[in-house]
Amino acid sequence: MYGRKPDEMKLLVKGLAFASLFLCLTQTQAANFPPVEGNLLLKVSQIEGEILLLQVANMRQEATTVSLIDLEGNTFFRKQVTKHNGYAWKMNLEDAPEGRYILRVQQKDEQRSQVIYKSDDQILISKVNSN
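**Concerning the pairing of strand β3 (residues 64-70)**
- Most of β3 is tucked away: 7 of the 7 residues are buried.
- Of the two faces of β3, the one carrying Thr64, Val66, Leu68 and Asp70 and the one carrying Thr65, Ser67 and Ile69 are both buried.
- Sheet topology places β3 next to strand β4 (residues 75-81); 6 bridges connect them, and they run antiparallel. In the sheet register, threonine 64 faces β4, and the bridge partner there is valine 81.
- Hairpin connection from β3 to β4: 4 residues lie between these consecutive antiparallel strands, with glycine 73 at a positive phi of about 95°.

Rendered as structure tokens:
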């Protein structure tokens, strides 16, 4: 370090700062999806009012079905996604009646599910369940 010029030191400090920022960002991205067994990852978050953001990752280009079903077995939402590694979309629950729903993501023999509760004044989302 003693023999380095000021410009080399600035370059070294900038490189270290960039590396630190990169590591922080990659850790944040990994933390966005809760840990579960298997490959399929699911994250659901409320973004505004009665609109949910659904994110599915590690789909491996395989057919994946996403469905929202009430506890009586009625399907409120169903979407088939193919040829993607990851997918995100918004789901509006405005027209859904108040109650509990099961959000299920199915891919071959792997499944993720969450309970979503909708009332007049709030939406609650459970943790991801691996089945």
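More follows now that the structure is in view.
**Re the side chain of aspartate 70**
- When you line up the elements, aspartate 70 lands in strand β3.
- One buried charged side chain, aspartate 70, makes no salt bridge at all; its nearest oppositely charged neighbour is arginine 104, positioned 10 Å away.
- From its side chain, aspartate 70 meets the backbone nitrogen of asparagine 74 in a polar contact 2.8 Å long.
- The residues touching aspartate 70, leaving out its near neighbours within four places in the chain, are Arg100 and Tyr101.

Reading the values: the criteria
- Residues numbered from 1 in each chain as written.
- Predicted model: local features only at pLDDT ≥ 70, side-chain atom pairs only at ≥ 80, totals over all residues.
- Heavy atoms only, no water.
- Buried < 20%, exposed > 50% of the residue type's maximum accessible area, 1.4 Å probe, protein only.
- Helix = DSSP H or I, 4+ residues; strand = E, 2+ residues; numbered from the N terminus.
- Pairing = 2+ DSSP bridges.
- Lys, Arg positive; Asp, Glu negative; His and termini not counted.
- Salt bridge = Lys/Arg side-chain N within 4 Å of Asp/Glu carboxyl O.
- Polar contact = N/O pair within 3.5 Å; in protein donor to acceptor, adjacent residues only side chain to side chain.
- Contact = heavy atoms within 4.5 Å.

All quantities given are derived from atomic positions and should not be read as evidence of function.
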